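# Report on the structure
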Amino acid sequence: MSTTTSAAPALYGGASTRRVTVRDIALAKERGERWPMLTAYDALTARVFDEAGIPVLLVGDSAAMVVYGHDSTIPVTVDDLVPLTAAVARATRRALVVADLPFGSYQASPAQALDSAARLMKEGGAQAVKLEGGRRVAPQVEALVAAGVPVMGHLGLTPQSVHTLGGYRVQGRGEAAAGLLADAKELERAGAFSVVLECVPAELATRVTAELGIPTIGIGAGSGTDAQVLVWQDMAGLSPRVAKFVKTYANLADTLADAARSYAEEVVSGAFPDPEHSYS
């Protein structure tokens, strides 16, 4: 008597009966399946992306700029990200919700990293956290994983280190490529379940992807990574300026501006509210 085993559902757009897990992410790598990740910072957009089948949502420290109006990621705090993470977690049923550990919340020690991650998971409902850096944060990654916290790494252009890097510049060119690869391997050894590669030459990102057993997530790193991530406001045309690697798939800035003007004109003219939108 033969038995058959159903194939694992695709990561993107799969069945919504349960949360995506880090094991699902690992299995997608084994299958050679590519998948998308987007940022999310509020309940309404998180629900839209979840229902669209996006398997991983990142509550990024990019909220410092797109939500709070700062000019870098550095000012945002754990206190700022906890309520945003909670909103995204409450609004989603399937997506794996990953929360950024912001600048100053994990660099001091593994204990500090665990305290910060615990807040994002206990108060925010995140299922994983992300942190920046390679070999220098390996002790933090080890401590988090040992405590049961799934960790996503982040290499290349690490925005929290923008002042040290000398600006938002491509990383890993020339002799620096070996160091970035070594950092990626150290993150894998320490227990990270995936690693973001930001603003890295495409050839290097492809090599890192081939040499790692964990998935790579590219942003400005070419097409050779296992997954791709974009800030959703950049992707949807809300951001006034975007990097070279961003492709915009909509123009929501113009759509919202047109809607606001139409509303304003109807209020001024008295056309809104009309009887259809009034109570008797």
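Residues numbered from 1 in each chain as written. Predicted model: local features only at pLDDT ≥ 70, side-chain atom pairs only at ≥ 80, totals over all residues. Heavy atoms only, no water.

### Here we look at the overall build of the protein
Inclusion rule: Strands are runs of DSSP state E lasting at least 2 residues, helices are runs of H or I lasting at least 4, and numbering of each runs from the N terminus. We compute the radius of gyration over the C-alpha atoms and compare it with the globule rule, which gives 2.2 Å times the number of residues raised to the power 0.38. Partly exposed describes any residue whose relative accessible area lies between the buried limit of under 20% and the exposed limit of over 50%, with all areas from a 1.4 Å probe on protein chains only and scaled to the type maximum. When checking whether two residues touch, look at their non-hydrogen atoms; a contact exists if any pair is within 4.5 Å. Using a 1.4 Å probe, accessible areas were evaluated by the Shrake-Rupley method; residue-level cover was limited to the displayed protein chains. We treat Lys and Arg as the positive residues and Asp and Glu as the negative residues; His and chain ends play no part in the count. Positions of charges follow a simple convention, taking NZ of Lys, CZ of Arg, CG of Asp or CD of Glu.
The number of helices and strands found in the protein is eleven helices and eight strands. The C-alpha radius of gyration computed for the protein amounts to 20 Å, which stays within 12% of the reference 19 Å derived for 280 residues, consistent with globular compactness. Looking at the protein residue by residue over its 280 residues, the buried ones come to 46%. A separation of at least 24 residues holds for 58% of the contacts in the protein among residues at least 6 apart in sequence. Accessible area for the protein stands at about 14000 Å²; split by element, carbon and sulfur atoms hold 55% of it. Between the centroid of the 24 positive side chains of the protein and the centroid of its 30 negative side chains there is a distance of 6 Å.

### Considering the packing of helix α6 (residues 138-146) against helix α8 (residues 176-190)
So the rule is basically this: Interaxial angle, 0 to 180 degrees, is taken between N-to-C directions of lines fitted to C-alpha atoms, where a helix line uses only the stretch in contact. The cut-offs work like this: below 35 degrees is roughly parallel, past 145 is roughly antiparallel, 65 to 115 is roughly perpendicular, and the gaps in between are oblique. Crossing handedness follows the turn of the near helix against the far one: under a right angle anticlockwise gives a left-handed crossing, and clockwise gives a right-handed one. When residues are sorted by character, Ala, Val, Leu, Ile, Met, Phe, Trp, Tyr, Cys and Pro go into the nonpolar class, Asp, Glu, Lys and Arg into the charged class, and all the rest, Gly among them, into the polar class.
Two numbers describe how α6 lies on α8: the axes approach to 8 Å, and their chain directions differ by 25°. As judged from the angle between their axes, α6 and α8 are roughly parallel. Once α6 is placed against α8, the crossing between them reads as right-handed. Contacts from Ala138, Val141, Glu142 and Val145 of α6 reach α8 at Glu186, Leu187, Arg189 and Ala190. Considering only residue class, the contact of α6 with α8 consists of five nonpolar, no polar and three charged.

### Some remarks on the pattern of salt bridges
Spelled out, the test is: Any Lys or Arg side-chain nitrogen found within 4 Å of a carboxyl oxygen on Asp or Glu counts as a salt bridge.
Going through the model one piece at a time under the given rule, you end up with twelve salt bridges. The network of salt bridges with shared partners includes Asp79, Arg119 and Glu123.

### Quick notes on the side chain of Gln160
Looking at the element boundaries, Gln160 is found in the loop between β5 (151-156) and α7 (162-165). Residue classification places Gln160 among the buried positions, given a relative accessible area of 7%.

### Remarks on the environment of Asp226
Worth spelling out the cut-off: Two N or O atoms count as a polar contact when they lie within 3.5 Å, although within protein this holds only if one can serve as hydrogen donor and the other as acceptor, and sequence-adjacent residues are included solely when both atoms are side-chain atoms.
Mapped onto the elements of the fold, Asp226 is located in the loop between β7 (216-219) and β8 (227-230). In sequence terms Asp226 and Tyr12 are 214 residues apart; their C-alpha atoms lie 12 Å from each other. Setting aside chain neighbours within four positions, we find Asp226 in contact with Lys29, Glu33, Arg34, Trp35, Thr209, Ile214, Pro215 and Thr216. At a separation of 2.8 Å, a polar atom in the side chain of Asp226 contacts the side chain of Lys29. Among the polar contacts made by the side chain of Asp226, one reaches the main-chain amide nitrogen of Thr216 at a distance of 2.9 Å.

### Regarding the sheet that holds strand β4 (residues 128-130)
In plain terms, the rule: We call two strands paired when DSSP finds no fewer than two bridges between them.
Taken together, the eight strands give a closed barrel; going around it, the order is β1-β2-β3-β4-β5-β6-β7-β8, and neighbouring strands pair in parallel fashion. Put simply, the sheet's adjacent strands are angled 25° from each other on average, direction ignored. In terms of strand pairing, strand β2 (residues 56-59) meets strand β3 (residues 96-100) through four bridges, oriented parallel. By the bridge assignment for β3, Leu58 is matched with Val98.

### Some words on the UniProt feature "active site" (unreviewed entry) in the protein
We apply this condition: UniProt positions are given in the numbering used here, feature names are shortened, and annotations may be inferred rather than shown by experiment.
Here, UniProt's "active site" (unreviewed entry) annotation points to Glu198. By relative accessible area, Glu198 is classed as buried at 11%. Apart from residues no more than four positions distant in its own chain, Glu198 is found in contact with His154, Leu155, Gly156, Leu157, Pro159 and Ile219.

### Some details on the packing of helix α4 (residues 78-91) against helix α5 (residues 110-122)
Remark: α4 packs on α5, axes separated minimally by 9 Å, with the N-to-C direction vectors making an angle of 25°. For the element pair α4 / α5, the angle class is roughly parallel. Here the hand of the crossing between α4 and α5 comes out right-handed. Taking contact as the criterion, the partners of Val78, Asp79, Leu81, Val82 and Thr85 in α4 are, on α5, Ser116, Arg119 and Leu120. Across the contact of α4 with α5, the residue classes break down as four nonpolar, two polar and two charged.

### What to know about the pairing of strand β6 (residues 194-198)
The buried count for β6 comes to five of five residues, which makes it a mostly enclosed element. Residues of β6 alternate between two faces, with Ser194, Val196 and Glu198 on one and Val195 and Leu197 on the opposite face, all of them buried. Of the pairings in the sheet, the one linking β5 to β6 comprises five bridges and is parallel in character. Across the sheet, Gly156 pairs through a bridge with Glu198, a residue of β6.

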